[in-house]
Every structure is written in structure tokens, then in C-alpha cells.
Amino acid sequence: MPVTRKRIYTIAKELGITSKELIAKLEQMGMPGLKPANTVDAEEYSLIVNLYTEESAPTSEAPEAPPVQTAPEPSPTKQGAPRPPIVSVLGHIDHGKTTLLDAIRHTRVAAKEAGGITQGIGAYQAEIHGQRITFIDTPGHKAFTGMRARGAQATDIAVLVVAADDGVMAQTVEAINHIRAANIPMIVAINKVDKPNADVDKVMSDLAKQGLTPEEWGGDTITVPISALKGERIDELLEMILLVAEMEDIRADPNGPLEAIIIESHLSKGRGPVATVIVRDGTLHERDCIIAGSTYGRVKALIDEAGNRIHAAGPGEAVEILGLEEVPGVGTKIEVAKNLNEAKRKAEKRRAETTTPRRSRARMSVEELFLQEEEADKLQLIIKSASTGALEAMRREIEGVAADKVKIDFIHAGVGDITESDVLLAASVGGVCLIVGFGVKADAKALRLADQEGVIVLTYDIIYDLIEEIERVIRRMLGPEYEELMLGEAEVRNVFKVPAGIVAGCYVNSGKVVRGGKARVLRNEQEVHAGEIASLRRFDDDVREVQAGRECGIRLKEFNDIQVGDRIIVFTLEEVNR
Ligand code: GDP
């Protein structure tokens, strides 16, 4: 059986070092980099561990003195110190997301105040082995992707909760696809293992079917069986989060530029606009002048989850801020300005810029959309249908028309009507992502959101209509195809110099020569140039075209090597149907 990351973590802990140090040691010993998803076989591994323990055992030193000199240099792009990972919890309804967040809060939130009452500001920090993890307190993929749809990604690691008595359900699959679209690592918490009908193996096999094969089964998905209700094995889950955070090498520089995202906001009667920000990098200070989307302000106060006023919030920390002029939207990034005037100016400029352009996108036809998106090299789709059978049929048909002409990425495929969460997902992925429903409809809320976000929603009851539209989209993506249509041929009888270049005095042998037409120059039947006709003259007049049997002067764009005896073939490009 391969050695899993879980094992590495356990062994590293036994040795009193971090798994990162252990991995660095392995690398130093010539082992390949053990990045996430990489495993070594058990034999190799025990060899290394033995070497390692032999080396450090005789000194019988306290485990606080590990040979840290082996830690790899931080890569140039990742500077600063490790910061607490920011974690979101996702999963099917009733699988225990809220219970899990509560359990962590109760067992692991350090009481910062007598009584340790937390405020519910939208995020909290848990602490384990002196290390911190920041949890976003609003579970579910709607909140998660809603933020991403605004262009902000707060989360570093996702915890997918799957109830062991229920297995992978529709919203579990949705959550998986939302996490995948975000391109962040996930850990699966198999919850409710205390229940008599809990079946961890079934969950694991469900996960494998979704391409999330557990480490224990030779895959690279970390799973932890827990009971959120009884608070069992929560620490192990937290340890796995720390392990993944270590592997991901999540760093930040408290003195660097600020990167902070609004995760919650509301208008408070007494306090005015209130927003919770998560700081991903840099530090947010009291009295900073900030811009949040189209609003701005000076930070009047920073309040932590325990209700304490603090002067600054560093990487990985979540704080409430007071002092903004208006309530900013969730998912908005915070920027720091030099002074309040600059903040105001920038916010106003932003407001002017963002009032409409995206809105109109939903009203555009698919064709217009692709004209706007120049680099649409793949078609991203979210497909919804009334049954899994219909969904599969739809997928097959679409893949059929796409053939190998364009790449199709199914961002998500699900049974049921098109919902807001589908729209958010489409809005959050870069490039063009269409939502296509077959035999289902989009609810009113979803349509309204699609309109706002500029997401195109297409619904069909007849598969042929659907396929026809997809064919149209693919044709649009590929761009038009052209065919050369020959217009005429002229021979060069003499050449003369003009200020603009060289003019060829020609006799039109057949067809006609037209101004602005395309031209190929043939010399001894070899093509020596292909380009465009820059000017066409008859005697001293510019003319539109010259027919066969007449003489004319032709000057070609960017070609001055024309010679007596050359033949000029004139043609146009005609758009043809693919
Ligand atoms: P959410 O919709 O995913 O946030 O789910 P909740 O946290 O609200 O949990 C749904 C139900 O499952 C509640 O009645 C919880 O008490 C119950 N529940 C959550 N975790 C566990 C668990 O580990 N064991 C058992 N037996 N029940 C749980």
C-alpha cells in the first residue's frame, strides 16, 4: 500500500517535526519531491524514516531541535511567512456543515475574552498545536462561489462534508464541481460516523466514482471520518488541514501589499455600514483609507471575532471594519489609498466604470458573446437535465458535435432546474461558460442573477434545437472559414518608381483586377509574394476595377520587388459555411 500523506503526517509527528521538514529531508536524501498527490512506496519510505531516526536518535535531544536546515528555500514568488490557511466548508444540505463549524468553534477557538463569547462576524480562527486555521463561517457552495463570481477567492482549502449515512448526493456533486472550478485542494470529512447506519466504505466508493479516490484506496483524496455532533476526530481533520496548508506553502508578508476580501457586509443601525474582511496578505490598519469596489472610507475601527477592538489585522485574520460610506458587496477586494481624497476618487471612477457593461452580456446572443471573447479556445458548459439518463444523452450529443474541433469542459452536470448556484458557478469561471438546460427551466431568481452577471442561459425541450445551437456556438468559436475566389490575372509589362513605392504597369489577361483585392505574384510559376493591392490606376486616375484586355498600374502593399514578366493573380476571400 502506498504511504499516504496522512501517514507522513503521523510519522512526522512521531518524530517531533513538521511533515514539511520530513518531506524536505526526503528531498535532501534524493527522494523526489513529495508534493501533494505524490506518494512513495512503503519500503522506500520506511528506509528513509529509519535513516532519519538513526541520524537524530543517538543525540536523544528534545524534539524541539529538529534539523531544520533542510527546509527548502521559499520559492521567489512565495515570500513572507506561513500564514493561517483560510478554509470553507461545503457539502449537501443536512450533512453537518453547520454542526462541524460549531464543533470546531467550541473546541478550538481560544477564548479571547472572559467567557469567550464570539461575535459571529462571518469567520473565526481555530487553534491547534499553536497553529491557526481561519474558517469562513458561512457554509455552502453558494457563498463560496458567490465570492468567486465577484472575482475574489478568499478560500485556500475546502472541506467537503459527506454524511456517512447518506453518501454523495446531488449537492455534494455540485460542491465538488464548485471546488474544482476554484482549483483549490479539498479534504473530505466523512461525517456522522456515530450513526448506526453509517457506511464509510460506501462514501469512499461514491467519492471514487466522482474522481476523488481516497488515499487509503490508492488515490490522492484525504478523507477523515468524523462525528461533528459528538466532536469526534475533529482534531484529526484540523491536522489534515494544516498538513495540506503546509504542502501548499501558503505564505504572506505582513509588511507587503494588502490583499483582503469582504466576506460579509450589512448596514447596522448604530454603526453604519459594517463589513467583515479576511486578510490574505499584508496588514489592514485602523485609520487606513480604503476602497471597496465603488465605496470607500477611513477605517474607524477594527473589531475581532471576540468583540475586541484591535489596531491591525494581519494575514489570515478576519475582522469587522467600520467606517465605509456604503455597504460593499461580498467578494469585493479592499485596496488601500494614500488619503481619503484618493480613495474617494478611485471609488467614484470605479462606480462609473462598473455601472453597466457586464449587465448587457446576458442580453447578447451567443454569437456576440464569442465575438467579444477573443480567446475562446474551449467551451465551458454547465448542463442540467431532468434525469441522469437525459444528462448523459446530452453530454454524449454535445461531445459528438464538438468532435475534435473544440475542447468542451463540463464544469458541472446536474439533475434539476437551473439555479442561482449554477449561475454563480458560470460567472466565477474565467472565459465563456454557458448554462444549458434540457427539459428543465431556470427559476426566476436564477434568471435575474444571470442577467446581472452576464451569464447566458439556454434551455431546450427538443434535443435537436439544443444541438443546433451548440453547433452554431462551435462554428462561432472556430471563426469563419474562407475560400479563395479568383477574379482575374494580369501580367507585368513594365515597372516604375513612385514616391509610395513601385508601380507595375500591367495588362489584364483575364477577368478583372479590383482595388483592395488580394494578390499573389507568380514568377516562373513560383509564388514570390501574397498580399493586397494598395492602389489601382488607369492612366492618372484611381479606379475601382479594370477589365480584361486593358492596361493599368498596380501597386502592391508592402512589396517592391515586382519585375517585368511577373503574373499577378487577383482574388477575394469568400466566407463559406463550415
Ligand atoms: P448542514 O445543513 O450541512 O449545515 O447540516 P447541519 O449541521 O444543520 O446538520 C443537520 C443535522 O444533522 C442536524 O440535525 C445535526 O444535529 C445532525 N448532525 C450533524 N452532524 C452529525 C453527526 O456527526 N452525527 C449525527 N448523528 N448527527 C449529526
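Residues numbered from 1 in each chain as written. Predicted model: local features only at pLDDT ≥ 70, side-chain atom pairs only at ≥ 80, totals over all residues. Heavy atoms only, no water.

Q: What exactly am I supposed to notice about the overall build of the protein here?
A: Counting its regular elements, the protein contains 14 helices and 29 strands. A burial count over the protein gives 48% of its 578 residues as buried. Counting contacts in the protein only where the partners sit at least 6 residues apart, residues at least 24 apart contribute 71% of the total. In the form shown here, the protein has an accessible surface area of approximately 27,900 Å², with 48% of it arising from carbon and sulfur atoms. (Helix = DSSP H or I, 4+ residues; strand = E, 2+ residues; numbered from the N terminus. Buried < 20%, exposed > 50% of the residue type's maximum accessible area, 1.4 Å probe, protein only. Contact = heavy atoms within 4.5 Å. Areas by Shrake-Rupley, 256 points an atom, 1.4 Å probe, with all protein chains shown as cover.)

Q: In this structure, what is going on with the site of the ligand? I would like to understand it.
A: Among the 15 residues in the neighbourhood of the ligand, the closest are listed as D94, K97, T98, T99 and D194. A distance of 3.0 Å separates an oxygen atom of the ligand from a polar side-chain atom of N191. A distance of 2.7 Å is found between a nitrogen atom of the ligand and a side-chain nitrogen or oxygen belonging to D194. Burial of the ligand by the surrounding chains reaches 75%, relative to a free accessible area of 570 Å². The biggest single contributor to the shell around the ligand is helix α4 (residues 97-108), with 3 residues. (Near = heavy atom within 4 Å. Polar contact = N/O pair within 3.5 Å; in protein donor to acceptor, adjacent residues only side chain to side chain.)

Q: Please clarify how the pairing of strand β2 (residues 86-91) should be interpreted in this entry.
A: Every regular strand shows the same layout, with side chains that alternate between the two sheet faces. Summarising burial for β2: 6 of the 6 residues are buried, a large majority. Neither face of β2 is exposed, since I86, S88 and L90 on one face and V87, V89 and G91 on the opposite face are all buried. With 2 bridges connecting them, β2 and strand β4 (residues 131-136) associate as parallel partners. Residue V87 lies in a different strand from β4, and its bridge partner there is F135. Looking at chain direction, β2 and strand β5 (residues 157-163) are connected through 5 bridges and run parallel. Within β5, the position partnered with G91 by the bridge is V161. (Pairing = 2+ DSSP bridges.)

Q: What should I look at first to understand the nonpolar core in this one?
A: A general feature of soluble globular proteins is that nonpolar side chains tend to end up buried together. The biggest cluster of nonpolar side chains holds 39 residues, and the ones touching the most others in it are L100, F135, V159, I187, L237 and I241. The greatest single-element share of this core, amounting to 10 residues, is contributed by helix α8 (residues 234-248). Residues A390, L391, V401 and I470 belong to the second largest nonpolar core, which totals 26 residues. (Core = buried A, V, L, I, M, F, W, Y, C linked by side-chain atoms within 4.5 Å.)

Q: Looking at this structure, how should I read unusual backbone geometry?
A: Comment: phi is negative for the bulk of residues other than glycine, and the bulk of peptide bonds are trans. For R233, which is not a glycine, the phi torsion comes out positive at approximately 60°. Note that R233 resides in the loop between β7 (222-225) and α8. For R233, a relative accessible area of 43% corresponds to the partly exposed category.

Q: Honestly, the sheet that holds strand β20 (residues 433-438) in this entry has me stumped. Any pointers?
A: Within a beta sheet, neighbouring strands are joined by backbone hydrogen bonds and run either parallel or antiparallel to one another. Overall, parallel pairing links the 4 strands, which are arranged β19-β18-β20-β21 in an open sheet. Both edges of this open sheet fall to β19 (407-415) and β21 (457-460), since each of them pairs with a single strand only. Averaged over all pairs of adjacent strands, the angle between their axes in this sheet comes to 20°, without regard to strand direction. As judged from the 6 bridges shared by strand β18 (residues 378-385) and β20, these two strands associate in the parallel manner. (Axes fitted to C-alpha atoms, helices over the stretch in contact; angles between N-to-C directions.)

Q: How do you make sense of the sheet that holds β5 when you look at a structure like this?
A: Read across the sheet, 6 strands follow the order β3-β4-β2-β5-β6-β7 without closing on themselves; strand pairing throughout is mixed. Since the sheet does not close on itself, it has two edges, and those belong to β3 (123-128) and β7, each with one partner. Across this sheet, the average inter-strand angle for adjacent strands is 30°, counted without regard to direction. Both β5 and strand β6 (residues 186-191) contribute to a ladder of 6 bridges, which runs parallel. Residue V162 lies in a different strand from β6, and its bridge partner there is I190. Across the face of the sheet, helix α6 (residues 170-182) comes into contact with β2, β5 and β6 while running at roughly 170° to β5.

Q: Please clarify how the confidence of the model for the protein should be interpreted in this entry.
A: Parts of the prediction with low pLDDT should not have their coordinates interpreted in detail. Considering every residue of the protein, the mean pLDDT works out to 85; 85% of them sit at 70 or more. Within the protein, helix α10 (residues 366-372) has the poorest average pLDDT of any element, 59, and β6 the best, 98. Confidence drops under a pLDDT of 50 for residues 56-77, and excluding neighbours within four residues, the segment shows 14 contacts in the predicted structure. Note on residues 356-363: pLDDT is under 50 here. Beyond four places in sequence and across chains, it has 17 contacts. (pLDDT = per-residue confidence, 0-100.)

Q: Please explain the pattern of salt bridges as it appears in this structure.
A: Should the charged atoms of two oppositely charged side chains come close, the side chains can pair. In this structure the tally under the stated criterion is 34 salt bridges. Notably, a salt bridge pairs R493 with E491, separated by 3.6 Å at the nearest N-O pair. For E491, a relative accessible area of 27% translates into the label partly exposed. The network of salt bridges with common partners includes R83, D156, E259 and R280. (Salt bridge = Lys/Arg side-chain N within 4 Å of Asp/Glu carboxyl O.)

Q: Quick question: what am I supposed to make of the pairing of β21 here?
A: Side chains of β21 alternate between two faces, with L458 and Y460 buried and V457 and T459 left unburied. One crossover worth recording links β20 to the parallel β21 by way of helix α13 (residues 444-453), and it is right-handed. (Right-handed = clockwise from strand over helix to strand, strands pointing away.)

Q: What exactly am I supposed to notice about helix α1 (residues 5-14) here?
A: An α-helical turn contains 3.6 residues, so any two residues separated by three or four positions project in the same direction. All of the buried residues along α1 are R5, K6, I8, Y9, I11 and A12. Just downstream of α1 lies G16, where phi reads positive at about 75°.

Q: Is there a simple way to explain helix α11 (residues 388-402) in this structure?
A: A rise of 1.5 Å per residue sets the reference length of α11, with its 15 residues, at 21 Å; its end C-alpha atoms lie 21 Å apart and thus fit the reference within 8%. For α11, the complete set of buried residues consists of A390, L391, M394, I398, V401 and A402. Axial view of α11: buried residues confined to an arc of 105°, hence all on one face. Exposed residues pointing more than 90 degrees away from the buried face of α11 are listed as T388, R396 and G400. For α11, the secondary structure elements touched by its buried residues are β18, β19, β20 and α14 (463-478). Downstream of α11 by a residue or two, A403 has a phi angle that is positive, lying close to 40°. (Expected span 1.5 Å × (residues − 1). Arc of directions from axis to C-beta.)

Q: Even after reading the chapter, I still don't get the packing of α11 against α14, so can you show me in this structure?
A: For any two helices packed against each other, the geometry comes down to the angle between their axes and how far apart the axes lie. Contact geometry of α11 with α14 gives a least axis separation of 10 Å together with a crossing angle of 35°. For the pair α11 and α14, the crossing hand works out as right-handed. Here M394, E397, I398, V401 and A402 of α11 come into contact with α14, specifically with I463, L466, I467, I470, E471 and I474. The residue inventory of the contact of α11 with α14, partitioned by class, reads 9 nonpolar, no polar and 2 charged. (Left-handed = near helix turned anticlockwise from the far one by under 90°. Nonpolar A, V, L, I, M, F, W, Y, C, P; charged D, E, K, R; others polar.)

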